[in-house]
Amino acid sequence: AKEAFLKAAGVGLGGFALRDIQALRLESGAPVYRFSGTALEYMQTHHLAAHLSLSHEGDMAAAVCILECLPV
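Described in the following lines is the structure provided in the data block.

Definitions and limits used
Residues numbered from 1 in each chain as written. Predicted model: local features only at pLDDT ≥ 70, side-chain atom pairs only at ≥ 80, totals over all residues. Heavy atoms only, no water. Helix = DSSP H or I, 4+ residues; strand = E, 2+ residues; numbered from the N terminus. Buried < 20%, exposed > 50% of the residue type's maximum accessible area, 1.4 Å probe, protein only. Lys, Arg positive; Asp, Glu negative; His and termini not counted. Salt bridge = Lys/Arg side-chain N within 4 Å of Asp/Glu carboxyl O. Contact = heavy atoms within 4.5 Å. Phe/Tyr/Trp six-rings, centres within 6.5 Å; stacked < 30°, edge-to-face > 60°. Core = buried A, V, L, I, M, F, W, Y, C linked by side-chain atoms within 4.5 Å.

1. Comments concerning unusual backbone geometry
With the exception of glycine, most residues fall at negative phi, and the peptide bonds are largely trans.
So, point 1. The phi angle at His47 is positive, at roughly 55°, despite the residue not being glycine.
So, point 2. Mapped onto the secondary structure, His47 falls in the loop between α2 (37-45) and β3 (48-57).

Shown next as structure tokens:
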């Protein structure tokens, strides 16, 4: 999930500290991101919302991150 965010943001694997990006689950079970540090600053500066989708079957897993531009 963290790598999916880094790639969607276009910063590559070294763009932000991985500890500044968390993938959590809401009470409903839906996956969400929580940002801190420079990742949070990036999201706020660029007026972005991040959406996360996770899927798995057997030993295969996939994460998709969509960055949405918010109205200013």
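2. Points about the side chain of Asp20
So, point 1. As for its position among the elements, Asp20 is in the loop between α1 (2-9) and β1 (21-25).
So, point 2. This buried residue, Asp20, is left without a salt bridge; Arg19 holds the nearest opposite charge, at 4.4 Å.
So, point 3. Beyond its immediate sequence surroundings of up to four residues, Asp20 is in contact with Arg34, Phe35, Ser36, Gly37, Thr38 and Ala39.

3. Re the environment of Gly15
So, point 1. Assignment of secondary structure puts Gly15 in the loop between α1 and β1.
So, point 2. Through-space distance from the C-alpha of Gly15 to that of Glu27 is 30 Å; in sequence the pair is 12 residues apart.

4. Here we look at the packing of aromatic side chains
So, point 1. Applying the stated criterion across every chain yields a total of 5 aromatic pairs.
So, point 2. Between Phe5 and Tyr33, the ring centres sit 5.8 Å apart and the planes meet at 55°, which makes this aromatic pair tilted. Taken together, the residues span a long stretch of sequence, with Phe5 in helix α1 and Tyr33 in strand β2 (residues 31-35) at a distance of 28 residues. As far as burial versus exposure is concerned, Phe5 and Tyr33 are alike and both buried.
So, point 3. Of the aromatic side chains, those joined through ring pairs into one cluster are Phe5, Phe16, Tyr33, Phe35 and Tyr42.

5. Looking at the nonpolar core
Taken as a class, soluble globular proteins show a tendency for nonpolar side chains to be buried jointly.
So, point 1. Counting 14 residues, the largest nonpolar core has Phe5, Phe16, Ile21, Tyr33, Phe35, Tyr42 and Met43 as the members making the most contacts within it.
So, point 2. Looking at this core, the elements that each hand over two or more residues are α1, β2, α2 and β3.
So, point 3. In this structure, Tyr33 is in contact with Ala1, Ala4, Phe5, Ile21, Gln22, Ala50, His51, Leu52 and Cys65, ignoring residues within four places of it in sequence.

That is the geometry; function is a separate question.
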